Amino acid sequence: MTFESEEKAYEMYNTYDGQVGFSVRKSKTKHRSDGSLCQKHLVDKEDGRIANFFWTDGQSIMDYKCFGDAVSFDTTFQTNKFEMPFAPILGTNHQKQTIIFGCAFIFNETIESFVWLFETFLTAMSGKHPSTIFTDQDAAMAAAIAYVFPNTAHRLCLWHIGLNAAKHLGHVIHASEDKSENESDNESDNESDNKFWADFKRCIYEDREEIYFTQKWHDLLAKYNLENNSWMSNLYALRAKWAVVYRDSFTADMNSTQRSEGMNNVFKKRFRRKLGLSELLVECENVAVSLRSNELDADFKSRRKTPVSYIPNLPMLKTAAESYTRRMYSEFEEEF
């Protein structure tokens, strides 16, 4: 069924809902003077309450054009007057600093809400899809990403995987730690070899070929008697989303949503009490201003002084020192 306009569709469903008893949400959009989207929200017809709300600004849109290849998304922070999930969409800039591409409040953490948010975000960003998006293991979020960003690599946050491992495999982790503490030095050359975490991380960061990862995974299961563990089986089924050997997209050196977790701590300091929507917008703007100020300071320091190269006369390092920011150059030189 097609309609001449959004208003026509709304009128039709508004009439229909009175007959069958469901609620209609109406979308309202605000654009900047240049036509780009800066704010959009859904209003629940039944009680007039805002269901979903997304906003961004011109600088965030420009930042996304430059740095929007890798995105971190998290909804764990809910400190607001409406008890709605707060969902900042974050990235990293040329100084390896966190930047905000947009923020949202969503009515609930369902596929419908996530699809609305991602489609709204995509509209605001002129249709540019990220290369990689990092999230936790939320199933509704994963379904929405697959629908809206079919060509985007969806990576799972390793930090959250670690938390879930501690929750589901606590008995194994504690047993391996106790074993390491009780074994004498002459029984093991490396104490960490006897710890579950060390073996688990070897699987995660194995980056040579899939066959090596698979072998290490099966060795891990056998060593800790986890062949029939359902959580490990489910995690293995998702291995393409977290194992380094399957990483085939640009990630800006991110491997988790820790940028989101770090920003959550910043927002917690700003949102010290239950704030209304207008107050939250002001506080979010203050956070964005602070982040942009940090970027300007780092840019000034990079332009003011060229870093000293480890090998001064090497043309490649000299060119890199003149081209990269100081933060990026230091990482390049270390890798070199």
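Given the structure is predicted, the values throughout are model-derived calculations rather than measurements.

Here we take up the nonpolar core. In summary, soluble globular proteins display a tendency toward joint burial of nonpolar side chains. Counting 27 residues, the largest nonpolar core has Phe 54, Phe 73, Phe 101, Phe 114, Leu 117, Phe 118 and Phe 121 as the members making the most contacts within it. For this core, the elements supplying multiple residues, two or more each, are α2 (58-67), β4 (70-73), β6 (98-105), α3 (111-124) and α4 (139-148). It is α3 that provides the largest number of residues to this core, a total of eight residues. Within the second largest apolar cluster, 24 residues are counted, among which are Ala 165, Ile 173, Leu 226 and Leu 235.

Here we come to the confidence of the model for the protein chain. For the protein chain, mean pLDDT is 80; residues scoring 70 or higher make up 75% of the total. Per-residue pLDDT stays below 50 along residues 1-6; that stretch engages in six contacts with residues further than four places along the chain or on separate chains.

A separate point is the packing of aromatic side chains. Tallied over the full model, the rule gives 21 aromatic pairs. Taking 5.7 Å as the distance between ring centres and 50 degrees as the angle between the ring planes, the aromatic pair formed by Trp 217 and Trp 242 counts as tilted. You can see Trp 217 sitting in helix α8 (residues 210-223) and its partner Trp 242 sitting in the loop between α9 (230-237) and α10 (258-270), a full 25 residues away along the chain. Residue Trp 217 is classed as buried on the basis of its relative accessible area, which comes to 1%. Seen from the ring of Tyr 212, Arg 208 lies directly overhead, with NZ or CZ sitting 4.1 Å from the centre.

Burial along strand β5 (residues 89-92) is two-sided: the residues Ile 89 and Gly 91 and Leu 90 and Thr 92 are all buried. Sheet topology places β4 next to β5; two bridges connect them, and they run antiparallel. Note that in β5 the partner of Phe 73 across the bridge is Ile 89. By the bridge criterion, four bridges tie β5 to β6 in an arrangement that is antiparallel. Across the sheet, Leu 90 pairs through a bridge with Ile 100, a residue of β6. Between the antiparallel neighbours β5 and β6 lie five residues, among them Lys 96 with a positive phi of about 60 degrees.

Below, the discussion takes up the pattern of salt bridges. Scanning the entire structure with this criterion turns up eight salt bridges. The residue Asp 57 makes a salt bridge to Arg 292 at a minimum N-O spacing of 3.0 Å. On the criterion of sequence distance, the pair formed by Asp 57 in the loop between β3 (50-55) and α2 and Arg 292 in helix α11 (residues 277-304) is long-range, its members being 235 residues apart. Note that Glu 206 is salt-bridged to Arg 208, the shortest N-O span being 2.9 Å. If you follow the salt bridges from partner to partner, you end up with Lys 96, Asp 253, Arg 327 and Glu 331 in one network.

This part covers the packing of helix α12 (residues 315-323) against helix α13 (residues 326-335). Packing of α12 against α13 leaves a shortest axis separation of 9 Å and a crossing angle of 160 degrees. The orientation of α12 with respect to α13, classified from their angle, is roughly antiparallel. Both α12 and α13 take part in a crossing whose hand is right-handed. Here Met 316, Leu 317, Ala 320 and Ala 321 of α12 come into contact with α13, specifically with Tyr 329, Phe 332 and Glu 333. Of the residues belonging to the contact of α12 with α13, the class tally is six nonpolar, no polar and one charged.

Along the polypeptide, Asn 93 turns up in the loop between β5 and β6. Residue classification places Asn 93 among the buried positions, given a relative accessible area of 4%. Linking Asn 93 and Asp 63, residues 30 residues apart in sequence, is a C-alpha distance of 7.9 Å. If we skip the residues at most four places from it in the chain, Asn 93 touches Phe 67, Ile 99 and Glu 295. Here Glu 295 takes part through its side chain, which lies 3.3 Å from a polar atom of the side chain of Asn 93.

Moving on, we come to unusual backbone geometry. The backbone phi angle of Lys 96 is positive, close to 60 degrees, even though this residue is not glycine. Among the structural elements, Lys 96 can be located in the loop between β5 and β6. Of the residues examined, Lys 96 reaches a relative accessible area of 13% and is grouped as buried. Positioned with a positive phi, Ser 126 is a non-glycine residue whose angle comes to about 60 degrees. Looking at the element boundaries, Ser 126 is found in the loop between α3 and β7 (132-135).

What counts as what
- Residues numbered from 1 in each chain as written.
- Predicted model: local features only at pLDDT ≥ 70, side-chain atom pairs only at ≥ 80, totals over all residues.
- Heavy atoms only, no water.
- Core = buried A, V, L, I, M, F, W, Y, C linked by side-chain atoms within 4.5 Å.
- Buried < 20%, exposed > 50% of the residue type's maximum accessible area, 1.4 Å probe, protein only.
- Helix = DSSP H or I, 4+ residues; strand = E, 2+ residues; numbered from the N terminus.
- pLDDT = per-residue confidence, 0-100.
- Contact = heavy atoms within 4.5 Å.
- Phe/Tyr/Trp six-rings, centres within 6.5 Å; stacked < 30°, edge-to-face > 60°.
- Lys NZ or Arg CZ within 6 Å of the ring centre and 35° of its normal.
- Pairing = 2+ DSSP bridges.
- Salt bridge = Lys/Arg side-chain N within 4 Å of Asp/Glu carboxyl O.
- Axes fitted to C-alpha atoms, helices over the stretch in contact; angles between N-to-C directions.
- Parallel < 35°, antiparallel > 145°, perpendicular 65-115°, else oblique.
- Left-handed = near helix turned anticlockwise from the far one by under 90°.
- Nonpolar A, V, L, I, M, F, W, Y, C, P; charged D, E, K, R; others polar.
- Polar contact = N/O pair within 3.5 Å; in protein donor to acceptor, adjacent residues only side chain to side chain.

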